[in-house]
Amino acid sequence: MFIYLDNASTTKPCPEAVQSAVEAMTGNFGNPSSLHRAGLDAQLAMDKARKIIAGSVGTESGNIIFTSGATESNNLALRGISSAYGRKRRKIVASSVEHASVDETLSALEKSGFEIVRVSPREDGRFYSADFVNACDENTVMLTMMYVNNETGYIMPVKETFTSVKRKYPEIITHSDCVQAYMKIPFRVTALGADLISLSGHKVHAPKGIGALYIKKGIRILPEVTGGKQEKGIRSGTESVPLICAFGASVGKYNQSIKERFEKVSALKSHLLENISGIDGVSVNSPDDGSPYVINISASGKRSEIMLHYLESRNIYVSSGSACSKGQQSGVLGEFGIKGKNADSALRISITAETTESELDEFANALRDGIKNIRG
Ligand code: PMP
């Protein structure tokens, strides 16, 4: 038994997702490209999942491409758009706090000759849409901005920024990595002003290895993976029907309760913050108006990794900063003004609506003990 407070890294697949995957690996195991009945049945199961996922972001099935996860979706979005539109327009504008799957891809594009402009938050740790508009110009092909930051829960001004940028430069293609917002904050692609969005299954109680890319109708994108022309030729390779079905099942389940869960998780966040506010030396790095699902704190100068393993010894699992970087400190906290000792002792607690107050109380007690017992 353990207390799992690392849901921004990955979530437990829900029973509906597991069952759906099992069905697609036992009875309904055909190749969706096959012309016989088994193929058609697999195709129908996949269509059903695609429709649910499309509907959950306010679009039609034809605009959703399945990928192996958000890392691939982000790569496909950035590389596929810059190949399709980047001959004349050579600049890409991004926020300075993107996930590595965006940031590293931007660095690769920079090496191949694109100019990358990374916009930072201001002194107050907040992003302003005007700064992105100012960074864009006639030479800009693409603007990418994540919706919710995975390390701090900061909610980026995506809608305001995309709308203002498009008002001035309608040609610029907009992309948002919506991984940490999906199924947590209600949004629709059109209202967001996004031409492309990236989604990941395993952050929303589906298995790992499945993601999606929304591509607005009419936007051209060149494939990264070529072959049998599955997924409209944008992403070749036999689709993982079990994972796609599981993704559809989890979204079908959680899409019904985004608002209720948001309220519940907000109450849990308040409960936790109240509880740890009395602990000497603990400071909160997440903004008050951030996503309640991600709470970043600094623990009194105690090194993150040491505290993480101390908590682990109490059967409580959290993350130090971003779990994707495997303990390596990313520059993201520094961008938000969290530096030095506060960055070295940062912990990320990421919860779900199933997290209980008593689990959070146990975490707070263990944190208090850790601060007392860990030297240095
Ligand atoms: N973007 C963000 C904001 C993330 O948090 C993650 C997962 N850590 C990813 C992209 C990558 O997603 P995946 O694991 O599906 O490749």
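Look up: the structure comes first, before these words.
Residues numbered from 1 in each chain as written. Predicted model: local features only at pLDDT ≥ 70, side-chain atom pairs only at ≥ 80, totals over all residues. Heavy atoms only, no water.

Glancing now at the environment of histidine 36. Counting through the fold element by element, histidine 36 comes out in the loop between helix 1 (15–25) and helix 2 (37–56). Taking the C-alpha atoms as reference, histidine 36 lies 37 Å from cysteine 178; in sequence the two are 142 residues apart. (Helix = DSSP H or I, 4+ residues; strand = E, 2+ residues; numbered from the N terminus.)

Running from N to C, helix 3 (residues 70–85) and helix 4 (residues 100–111) cross one another at 30°; their axes reach a closest spacing of 9 Å. By the angle between their axes, helix 3 is roughly parallel relative to helix 4. Seen from above, helix 3 lies across helix 4 with right-handed handedness. Along the contact surface, helix 3 presents Thr71, Asn74, Asn75, Leu78, Arg79 and Ser82, while helix 4 presents Ser101, Val102, Thr105, Leu106, Ala108 and Leu109. (Axes fitted to C-alpha atoms, helices over the stretch in contact; angles between N-to-C directions. Parallel < 35°, antiparallel > 145°, perpendicular 65-115°, else oblique. Left-handed = near helix turned anticlockwise from the far one by under 90°. Contact = heavy atoms within 4.5 Å.)

Core analysis: the largest hydrophobic core is formed by 63 residues, its most contacted members being Phe66, Tyr147, Tyr182, Phe187, Ile197, Leu199 and Phe247. With seven residues, helix 8 (residues 241–254) is the single largest residue contributor to this core. Here this core gathers at least three residues from each of two domains, domain 1 (3–11 + 257–373) and domain 2 (15–255). Among all residues touching phenylalanine 187, those that are not within four sequence positions of it are Ser56, Val57, Tyr147, Cys178, Ala181, Tyr182, Leu192, Ile197 and Leu199. In this structure, Val294, Tyr310, Ile351 and Ile374 belong to the second largest nonpolar core, which totals 30 residues. (Core = buried A, V, L, I, M, F, W, Y, C linked by side-chain atoms within 4.5 Å. Buried < 20%, exposed > 50% of the residue type's maximum accessible area, 1.4 Å probe, protein only. Domains from an automatic or database assignment.)

Together, Val18, Val22 and Met25 give the surface a local cluster of nonpolar side chains, amounting to about 270 Å² of exposed area. Here valine 18 shows up in helix 1. Assessed through its relative accessible area of 43%, valine 18 is described here as partly exposed. (Patch = residues over 30% accessible without salt bridge, like charges linked within 9 Å, V, L, I, M, F, W, Y side chains within 5 Å. Areas by Shrake-Rupley, 256 points an atom, 1.4 Å probe, with all protein chains shown as cover. Salt bridge = Lys/Arg side-chain N within 4 Å of Asp/Glu carboxyl O.)

Quantified by volume, the largest pocket comes out at close to 410 Å³. Taken together, the elements giving at least two residues each to the lining of the largest pocket come down to strand 1 (3–4) and helix 8. Grouping the amino acids of the lining of the largest pocket by side-chain chemistry returns eight nonpolar, four polar and four charged. When we break the lining of the largest pocket down by domain, the ones giving at least three residues each are domain 1 (3–11 + 257–373) and domain 2 (15–255). (1 Å grid on protein atoms, 1.4 Å probe; cavity = no way out; pocket = protein on both sides within 12 Å on 5 of 7 lines; lining within 4 Å. Points joined across faces, edges and corners; volume = space filled by probe spheres on them. Nonpolar A, V, L, I, M, F, W, Y, C, P; charged D, E, K, R; others polar.)

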